[in-house]
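For reference, the chains in residue letters:
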Amino acid sequence: MTLFIAADHRGFELKNQLLEYFQEKGIRIEDLGNYQYDAQDDYPDFAQRVAQAVLQNLDNHLGIAICGSGCGVVIAVNRFPHIRAGLAMNEDQAKHIRENDHANVIALAADYISFEQATKIIDAFLSAQPKTDEKYLRRIKKIEEFQNPSLKQNTQSINEEKF
């Protein structure tokens, strides 16, 4: 597994701390920027980098996107097909979004969590595995249909055949 991380100016310090943390743990992590503090940078640029990196190999890539609130990067990252990002403020939420929602990108709110909290949140996210029960897969399929409406026709005809 490869982990990708990026942050705007408000998440810059937290990102750099997390890079050191994961390198010490021997987890492969790639820094997608920003590489120097720039108070005028924009979170959508870094969200895009994370999304595009994860999309290169959906089975083996996960992402971390950081901004001040965490919400900006979640909105931006979720604009990409096949990306499912969630904001996590604690370990239980991180585990939940990975297991139940099949999140492949986690967003962090640098203004509201400490480095210690961030490490616990990400560790929980990375240790969780997406659940494969039919109800979870059905929900993910419905989300995919939002971005590709032609899939819905196929799902409707399959569901009609069941009844």
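Everything quoted here is computed from the prediction, not taken from an experiment. (Residues numbered from 1 in each chain as written. Predicted model: local features only at pLDDT ≥ 70, side-chain atom pairs only at ≥ 80, totals over all residues. Heavy atoms only, no water.)

### A few points about the sheet that holds strand 5 (residues 105-109)
Basically, it comes down to this: For two strands to be treated as a pair, DSSP must find at least two bridges joining them. Helix numbers and strand numbers start at the N terminus; a helix is a DSSP run of H or I with at least 4 residues, a strand a run of E with at least 2. Structural elements are reduced to axes, namely lines fitted to C-alpha atoms, with helices fitted over the stretch in contact, and the angle between N-to-C directions of any two is expressed from 0 to 180 degrees.
In space, the five strands of this open sheet follow the order 2-1-3-5-4, with parallel pairing throughout. Strand pairing shows two members of the sheet lacking a second neighbour, strand 2 (29-31) and strand 4 (85-87), which therefore form its edges. Strand-to-strand twist in this sheet, taken as the mean axis angle between neighbours without regard to direction, amounts to 20°. Judged from the six bridges that link them, strand 1 (residues 2-7) and strand 3 (residues 61-67) form a sheet pairing that is parallel. Of the residues in strand 3, the one forming a bridge with Ala7 is Ile66.

### Considerations on the confidence of the model for the chain
Rules: pLDDT measures how confident the predictor is about each residue, on a scale from 0 to 100. Contact between two residues is taken to exist if any of their heavy atoms lie within 4.5 Å; hydrogens are not considered.
Averaged over all residues, the pLDDT of the chain equals 93, while 92% of them reach at least 70. Predicted confidence is poor over residues 157-163, with pLDDT under 50, and the contacts of this stretch with residues over four places away or in other chains come to zero contacts.

### Looking at the environment of Asp133
Turning to its location among the elements, Asp133 is positioned in the loop between helix 5 (115-127) and helix 6 (134-147). In this structure the C-alpha to C-alpha distance between Asp133 and Phe146, which are 13 residues apart in sequence, comes to 21 Å.

### Some thoughts on the pairing of strand 5
A regular strand places its side chains so that they alternate between the two faces of the sheet. Operational definition: Buried means the residue's accessible area, taken with a 1.4 Å probe over protein chains only, is under 20% of the maximum for its type, while exposed means over 50%, and partly exposed covers the values in between. A clockwise path from the first strand over the helix to the second, with the strands pointing away from the viewer, defines a right-handed crossover.
Counting buried positions over the five residues of strand 5 gives five, a clear majority of the element. Burial along strand 5 is two-sided: Val105, Ala107 and Ala109 and Ile106 and Leu108, pointing in opposite directions, are all buried. Pairing geometry for strand 3 and strand 5, over five bridges, is parallel. Residue pairing in the sheet places Ile66 in a bridge with Leu108 of strand 5. The pairing of strand 4 with strand 5 spans three bridges and is parallel. Note on strand 5: the bridge partner recorded for Leu87 is Ala107. With respect to chirality, the unit in which strand 4 leads through helix 4 (residues 91-99) into the neighbouring parallel strand 5 is right-handed.

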